[in-house]
Amino acid sequence: MSNVRHALSRLSVRVSLIAAALAFCSALGTGLASSALSGSLSPSNAGEIVALAILCAGLGFGAGLALSLYLLRPLKRLHLAATRLATGDLITPIPVGGSRELRSLARVLENARHELDGITRWLTHEKAWAEYLVETISEGIVTLDAQGRITFMSASAAALIGCKGSDVSGKTLDELLAPAESDGKLSDLLPPPGQERTIPVLRRDSRTIALAVSGATLTPPVESAARTALFLRDVTSETAMQRLQGYFLANISHELQTPLASLRTSAELLVTDHADLDVSEQHKLHTSIYRGILRLESLIDNLLASASVQAGRFKVKPLPIDLGEPLEEALLFMEPLLNAAALTLDVDLAADLPLVCADSRRLSQVFVNLLSNAVKYAPPGSQIALVAKTDTVSGKEIVRVSVMDSGPGIPPEAREIIFSRFGRLDSPGARKDHGAGLGLYIARTIIESHGGSIAVEPRPGGGSCFTFTLPVAAQKVL
Ligand code: ADP
């Protein structure tokens, strides 16, 4: 820029010098010629003529300088504007002025500025949008160069891998993650372009996650260091859920087949050998059919409730009720099962028990689920206890109900898992019977939908004590 400014200054000086020389020459020539013509040319006269010519030269220089400055000003302004453009100022308009050629040049520059400004704004907007997309999609994106070094990692990828996106540039994936189920390197397990593979990986914070990785080979439109793009998804819960669902299907078919088989056998005997059976044998078969139906009914109730929770349609309709109402309903259901296992149930409801705010049918399902488990796990001939009393939590009155058995109890590390969907214990000691792993999950869903809570603790003397709470009717929370 200063070169151009100097060139323009030099041009102004040159124009002024030429104007001064022209003024000097014309004043000298005119003075000498007019003195010669009038015959008065003498040395003193000549001196005066030279002095006059020098004066004219000075005036010519000044006039030349003023003229050149005037003529060159639009060119200087144009030059300044072009310099601003070159340094990225696309906002300030190009001034249009000066000669026709300069005005035409300024208009061309102004159009170019306008176009560039539009393109830059569009590119900035598109870049921001692309960055926003990359950062907000839940899939993590990682790009690698030809040597497998990370050139880019989106925020979601960094969160999945468990590191900071800014710390990983230049590192390899093998430095951040290791395969959880083999000794090799993660880079050897990556899928070929266009395919997806689920790889259990061990993060640096010792957490194991199931990572669904799909790969793509990049052919960048411009020279770029990135050669491979990897798309990462955390499928830990999906994988666990698939495993659980497989387990659930195996269990559920057993759960359905067992009572159906016993129903079929009992019904077959009643139909084919009816005449040979005495009353007590017939009663035994009828009771067995009844128990089978109860078992199926309870399983179907839990399956339907679980399906409606998954579909987001599970609702309870709490009303002020006497706790005895759903309990009686549940006991009608439980009686044949308790008798079959030679178990006794000791019910102790506090005399001053207030009304609770609950959905009677759903609360009856909670009682059935807890009592069925107690029947399953309590040793034959033992006693199951059901106690209900009032309590105060954070200044609020609640009803606390406990179901206790003398079974194997629940190990501390499993006291949360058993309340999860399909959550069952595999330990042979605790597992007395098959089940769908839904009973406690549904019990917790129902109790929490009422604003209460449910948990298990060891029963003093051995066994389990499942306790749930419910708000009393006057202090309805929902
Ligand atoms: P399931 O239908 O499989 O019994 P639940 O959700 O009712 O499903 O129970 C989950 C698991 O909790 C059971 O598989 C069992 O291992 C354990 N469990 C539940 N109740 C008891 C109990 N009273 N005593 C011992 N273990 C229990």
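Our subject is the structure that appears above.
These numbers come from a predicted model, not from an experiment.

Rules used in this analysis
Residues numbered from 1 in each chain as written. Predicted model: local features only at pLDDT ≥ 70, side-chain atom pairs only at ≥ 80, totals over all residues. Heavy atoms only, no water. Helix = DSSP H or I, 4+ residues; strand = E, 2+ residues; numbered from the N terminus. Expected span 1.5 Å × (residues − 1). Buried < 20%, exposed > 50% of the residue type's maximum accessible area, 1.4 Å probe, protein only. Contact = heavy atoms within 4.5 Å. Patch = residues over 30% accessible without salt bridge, like charges linked within 9 Å, V, L, I, M, F, W, Y side chains within 5 Å. Areas by Shrake-Rupley, 256 points an atom, 1.4 Å probe, with all protein chains shown as cover. Salt bridge = Lys/Arg side-chain N within 4 Å of Asp/Glu carboxyl O. Near = heavy atom within 4 Å. Polar contact = N/O pair within 3.5 Å; in protein donor to acceptor, adjacent residues only side chain to side chain. Pairing = 2+ DSSP bridges. Core = buried A, V, L, I, M, F, W, Y, C linked by side-chain atoms within 4.5 Å. Axes fitted to C-alpha atoms, helices over the stretch in contact; angles between N-to-C directions. Lys, Arg positive; Asp, Glu negative; His and termini not counted. Charge placed at Lys NZ, Arg CZ, Asp CG, Glu CD. Phe/Tyr/Trp six-rings, centres within 6.5 Å; stacked < 30°, edge-to-face > 60°. Lys NZ or Arg CZ within 6 Å of the ring centre and 35° of its normal.

Caption draft 1: The arrangement of helix 3 (residues 100-136) in detail. With 37 residues, helix 3 extends 54 Å between its outermost C-alpha atoms, agreeing within 8% with the 54 Å of an ideal straight helix rising 1.5 Å per residue. Listed as buried for helix 3 are L102, A106, E110, R113 and D117. Packed against the buried residues of helix 3 are helix 2 (43-86).

Caption draft 2: Structural detail: a nonpolar patch on the surface. There is a patch of nonpolar side chains on the surface, built from L52, L55 and L59 and spanning about 320 Å² of accessible area. Of note, L59 is situated in helix 2. Residue class for L59 comes out exposed when judged on its relative accessible area of 57%.

Caption draft 3: How the structure looks around the site of the ligand. Around the ligand, a shell composed of 18 residues is seen, among which N373, K376, D405, R424 and L440 lie nearest. At a separation of 3.1 Å, an oxygen atom of the ligand approaches a polar backbone atom of G437. Between the ligand and L440 there is a distance of 2.8 Å, counted from an oxygen atom to a backbone nitrogen or oxygen. If the ligand stood free it would expose 530 Å²; the protein chains cover 97% of that surface. Among the secondary structure elements, those contributing two or more residues to the shell around the ligand are helix 10 (360-377), helix 11 (439-449) and strand 13 (464-471). If you tally residues by element for the shell around the ligand, the top one is helix 10, at 3 residues.

Caption draft 4: Structural view of the pattern of salt bridges. As enumerated under the stated definition, the model contains 13 salt bridges in all. A salt bridge links D145 to R149, with the nearest nitrogen and oxygen atoms 3.3 Å apart. With its nearest N and O atoms 2.5 Å apart, the salt bridge here joins R203 to D205. A cluster of three or more residues bridged by salt bridges with shared partners is formed by E139, E196, R233 and E238.

Caption draft 5: Looking closely at the sheet that holds strand 6 (residues 228-234). The sheet built from 6 strands is open, its strands ordered 2-1-6-5-4-3 with antiparallel pairing. Of all strands in the sheet, those with a lone pairing partner are strand 2 (150-153) and strand 3 (178-179), marking the two edges. In terms of strand pairing, strand 1 (residues 140-144) meets strand 6 through 5 bridges, oriented antiparallel. Residue pairing in the sheet places T143 in a bridge with A229 of strand 6.

Caption draft 6: Examining the environment of A157 more closely. Here A157 lies in helix 4 (residues 155-161). Residue A157 is classed as buried on the basis of its relative accessible area, which comes to 0%. Sequence-wise, A157 and H450 are 293 residues apart; in three dimensions their C-alpha atoms are separated by 39 Å. Beyond its immediate sequence surroundings of up to four residues, A157 is in contact with G140, I141, V142 and L232.

Caption draft 7: Main features of the side chain of S16. Looking at the secondary structure, you find S16 in helix 1 (residues 2-38). According to the relative accessible area criterion, S16 is buried, its value standing at 0%. Among the polar contacts listed, one links the side chain of S16 to the backbone nitrogen of L65, at a separation of 3.0 Å. In this view, S16 contacts G60, F61, G64, L65 and S68; residues no more than four positions away in its chain are not counted.

Caption draft 8: Structural detail: the nonpolar core. Counting 54 residues, the largest nonpolar core has L323, L363, F367, I384 and F468 as its most contacted members. In terms of residue count, the dominant contributor to this core is helix 10 (8 residues). Contact partners of L323, with chain neighbours within four places excluded, come to L349, L353, V356, L363, F367, A388, V399, V401 and L470. Counting residues in hydrophobic clusters, the runner-up holds 21 residues, among them V142, L160, I161 and V213.

Caption draft 9: Inspection of the sheet that holds strand 12 (residues 454-458) at higher detail. Strand order in the open sheet made by the 5 strands is 8-10-11-13-12, with mixed pairing throughout. Either end of the sheet is taken by a strand with one partner, and the two such strands are strand 8 (344-349) and strand 12. Averaged over all pairs of adjacent strands, the angle between their axes in this sheet comes to 20°, without regard to strand direction. Those strands touched by helix 9 (residues 324-340) are strand 8 and strand 10 (383-393), and its axis lies near 170° from that of strand 8.

Caption draft 10: The pairing of strand 12, seen in detail. Where strand 12 and strand 13 come together, 5 bridges link them in antiparallel fashion. Within the sheet, the bridge partner assigned to E457 lies in strand 13 and is C465. Linkage of strand 12 to strand 13, two consecutive antiparallel strands, is achieved through a turn of 5 residues, within which G461 is found at a positive phi near 95°.

Caption draft 11: Up close: a positive patch on the surface. A surface patch of like charges, here positive, comprises R313, K315, K317 and R361. Mapping R313 onto the fold places it in the loop between helix 8 (279-310) and strand 7 (319-321).

Caption draft 12: How the structure looks around the side chain of D145. Along the chain, the position of D145 falls in the loop between strand 1 and strand 2. On the basis of relative accessible area, D145 is assigned to the buried category, the value being 11%. A distance of 2.9 Å separates a polar side-chain atom of D145 from the backbone nitrogen of Q147.

Caption draft 13: Highlighting the packing of aromatic side chains. Counting across every chain of the model gives 3 aromatic pairs. The interplanar angle of 65° and the centroid separation of 5.8 Å between the aromatic rings of F367 and F468 together place this pair among those described as edge-to-face. In this pair, F367 is assigned in helix 10 and F468 in strand 13, connecting sequence segments 101 residues apart. By relative accessible area, which is 0% here, F367 ends up buried. Look at F468 and you get buried, because its relative accessible area is 0%. Here F419 and F466 contribute two aromatic rings whose centre-to-centre distance is 6.2 Å and whose plane-to-plane angle is 70°, an arrangement assigned as edge-to-face. Of the two residues, F419 is situated in the loop between strand 11 (396-404) and helix 11 and F466 in strand 13; the sequence distance between them amounts to 47 residues. The pair F419 / F466 is uniform in exposure class, with both members buried. Here the basic side chain of R444 rests over the ring of F419, its NZ or CZ set 4.3 Å away from the ring centre.

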